[in-house]
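For reference, the chains in residue letters:
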Amino acid sequence: MKVHIKYYAKYRDTIGKREEDLEVEEMTVKSLLDLLRGKYPSLGGDKTSLLALNNKFQRDETKLSDGDTVSVFPPVSGG
Amino acid sequence: MKVHIKYYAKYRDTIGKREEDLEVEEMTVKSLLDLLRGKYPSLGGDKTSLLALNNKFQRDETKLSDGDTVSVFPPVSGG
Amino acid sequence: MKGTIQTDPIDASAILRTRNLEIGSSVVFEGIVRKTESTKELAHLFYESDEKLAEEELNKILKEAHTKFNLIDAFAVHRVGVVEPGEVSLLVAVYSSHRREAFEACSYIVEAIKSGLPIWKKDHFADGSESWH
Amino acid sequence: MKGTIQTDPIDASAILRTRNLEIGSSVVFEGIVRKTESTKELAHLFYESDEKLAEEELNKILKEAHTKFNLIDAFAVHRVGVVEPGEVSLLVAVYSSHRREAFEACSYIVEAIKSGLPIWKKDHFADGSESWH
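Everything in this summary refers to the structure shown in the same document. Throughout this description, residue numbers start from 1 for each chain and increase along the sequence as written. Both sets of labels track the order of writing: A upward for chains, 1 upward for ligands. The predicted nature of this model means local features are confined to residues of pLDDT at least 70 and side-chain atom pairs, given and counted, to a pLDDT of 80 or more, with totals for whole chains, interfaces and linings taken over all residues. With hydrogens and water stripped out, all remaining heavy atoms of the structure feed into the side-chain values.

Concerning the sheet that holds strand β2 (residues 25-32) of chain C
Stage number 1. When DSSP finds two or more bridges between a pair of strands, those strands are recorded as paired. Numbering of helices and strands runs from the N terminus; a helix is a DSSP stretch of H or I covering at least four residues, while a strand is a stretch of E covering at least two. A sheet is described by the order of its strands in space; here eight strands give the open sequence β1(C)-β5(C)-β7(C)-β2(C)-β2(D)-β7(D)-β5(D)-β1(D), paired in mixed fashion. One side of each edge strand has no neighbouring strand; the edge strands of this open sheet are β1 (2-6) of chain C together with β1 (2-6) of chain D. Strand-to-strand twist across the sheet, computed as the mean angle between neighbouring axes with direction ignored, equals 10°.
Stage number 2. In this structure, β1(C) lies alongside strand β5 (residues 73-79) of chain C, joined through five bridges in parallel fashion. In the strand pairing of β5(C), Gln6(C) is matched with Arg79(C).
Stage number 3. It only takes one pair of heavy atoms within 4.5 Å for two residues to be counted as in contact. Axis definition: a line fitted to C-alpha atoms, limited for helices to the stretch in contact. Angles are taken between N-to-C directions and run from 0 to 180 degrees. Seen against the sheet, helix α2 (residues 51-68) of chain C touches β1 and β5 of chain C and runs at an angle of roughly 155° to β1(C).
Stage number 4. Packed on one face of the sheet, helix α2 (residues 51-68) of chain D meets β1 and β5 (73-79) of chain D and runs near 155° to β1(D).

Below, the structure written as structure tokens:
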């Protein structure tokens, strides 16, 4: 199935793209993050990356569905 | 010797005067407060009354001198 | 750094204008007179003070906090006399490089004022009765 | 109660005007962009955000604090985009009957924003270099 991935802030800069479509097996959002960490070592160092699934924050074992949009955020640094 | 006593806030109201002169023995400011608590039972309930000697805060064993002005304050309640 | 005792209303904007470019955090406390005190409707508060003594003590508190929390700056204003419900009776403003120090210092100054500043408060209730705190 | 993410400068006076007569304490935090970051001179900060997500999270934080600390009201504004040294990037205002709750709630909200709001900060230094936080 196909999912759409969006990268934010420093991830966009280090990975060198703003978004991409990926063909993946059935998996959880958490597994997808592990997959992306393998694909892009620059994501690896951050323990607390945030994920949003279809524009809702997501930190659990939710399974991905075909056509989902997953946003990948670095640890926050606002304020 | 003679000292001048000034009463503030609720003490002025409960004692019914703003100031007075008192003839006292040689004593510390702390002993004077005990004396005043005997003379005016309405002062007795407050453990944390403040004293100023000649317009400087005073909570210790300083001895009174003839002509001193002692200000007697209830516990504070500002803010 | 300045502590002030005044009868005039507190003009927060005038106090809070002071800034320098190393300030990363400001924390401002305002104590406001409530309409209800001990379940009774308040007409106003009256604050009595020995103003000279109180201002001296207030500046001593600010100086202590400045050193203890390594502040960039700090201001405090306490009103005396009649203060109406909705009006600010106490303003404390603290400027620091870092937020934790700013919060701690502001809270410290407010507590020191509440427990040590020679100012006394009398409730004047809407029904005409009065009561010292 | 309202949390806002905006590119416009923060007009504190507009936010702080809201009051009711049971408020006894207000605590206002401002996070201000400093001229120096990691010993280097800053030209400006750039805050990136998913604004819809961030605003949703910000309002969630305010709602939690409102319940947890029994607040009367709370506001928070976080800027995004370019913010210059000396400008306020974050304002949090908390209104409560009592001062302890006001201090605790304001600090709680600031920490929750710092650790959980999806906003990212990039330093733009005076020498032209850049660095994400």
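A look at the packing of aromatic side chains
Stage number 1. Note on aromatic contacts: the rings of Phe and Tyr and the six-membered ring of Trp form a pair at centre separations within 6.5 Å, being stacked when their planes are under 30 degrees apart, edge-to-face when over 60 apart, and tilted otherwise. Per the counting criterion, the structure on display carries 16 aromatic pairs over all chains.
Stage number 2. For the pair Tyr8(A) and Phe73(A), a centre-to-centre distance of 4.5 Å together with 40° between the ring planes defines the contact as tilted. With Tyr8(A) in the loop between β1 (2-7) and α1 (9-15) and Phe73(A) in strand β5 (residues 69-73), this pair connects stretches of sequence that are 65 residues apart. Both residues of the pair, Tyr8(A) and Phe73(A), count as buried.
Stage number 3. For the pair Tyr8(A) and Trp120(D), a centre-to-centre distance of 6.1 Å together with 35° between the ring planes defines the contact as tilted. Here Tyr8(A), found in the loop between β1 and α1, pairs with Trp120(D), found in strand β8 (residues 119-125), and the two come from separate chains. With respect to class, Tyr8(A) is no different from Trp120(D); both count as buried.
Stage number 4. Two thresholds decide whether a charge sits over a ring: the Lys NZ or Arg CZ must be within 6 Å of the ring centre and within 35 degrees of the ring normal. Over the aromatic face of Phe125(C) sits the side chain of Lys40(C), whose NZ or CZ is 4.2 Å from the ring centroid. Burial status follows relative accessibility: with a 1.4 Å probe on protein chains alone, a residue under 20% of its type maximum counts as buried, one over 50% as exposed, and anything between as partly exposed.

Here we look at the relation of the copies chain D and chain C
Stage number 1. With an axial shift of 0.0 Å and an RMSD of 0.0 Å, the rotation relating chain D to chain C amounts to 180°. With respect to symmetry, the two chain copies, as superposed, fit the operation of a two-fold axis. If distances are taken from each C-alpha of chain D to the rotation axis, the shortest is found for Val28(D), at 2.5 Å.
Stage number 2. Same-surface contact between copies: 100% of interface residues of chain D are shared with the interface of chain C. Least-squares superposition aligns the copies on the C-alpha atoms of those residues with pLDDT at or above 70 in both.

Looking at unusual backbone geometry
Stage number 1. One non-glycine residue with positive phi stands out, namely Ala9(A), at about 50°.
Stage number 2. Structurally, Ala9(A) is set in helix α1.
Stage number 3. Non-glycine residue Asn70(D) carries a positive phi angle of around 55°.

Considering the interface of chain D and chain C
Many analyses report the size of an interface as the accessible area lost when the parts associate.
Stage number 1. Between chain D and chain C, the residue contacts involve 29 residues of the former and 29 residues of the latter.
Stage number 2. The quantity reported as buried area is the accessible area (1.4 Å probe) lost by two parts once they are put together, taken as the sum for both. Of the roughly 2,600 Å² buried where chain D meets chain C, counting both sides, 53% is carbon and sulfur surface.
Stage number 3. Salt bridge, as used here: a side-chain nitrogen of Lys or Arg that lies within 4 Å of a carboxyl oxygen of Asp or Glu. The interface formed by chain D and chain C holds four salt bridges in total.
Stage number 4. Residue Glu111(C) pairs with Arg100(D) through a salt bridge whose shortest N-O separation is 3.5 Å.

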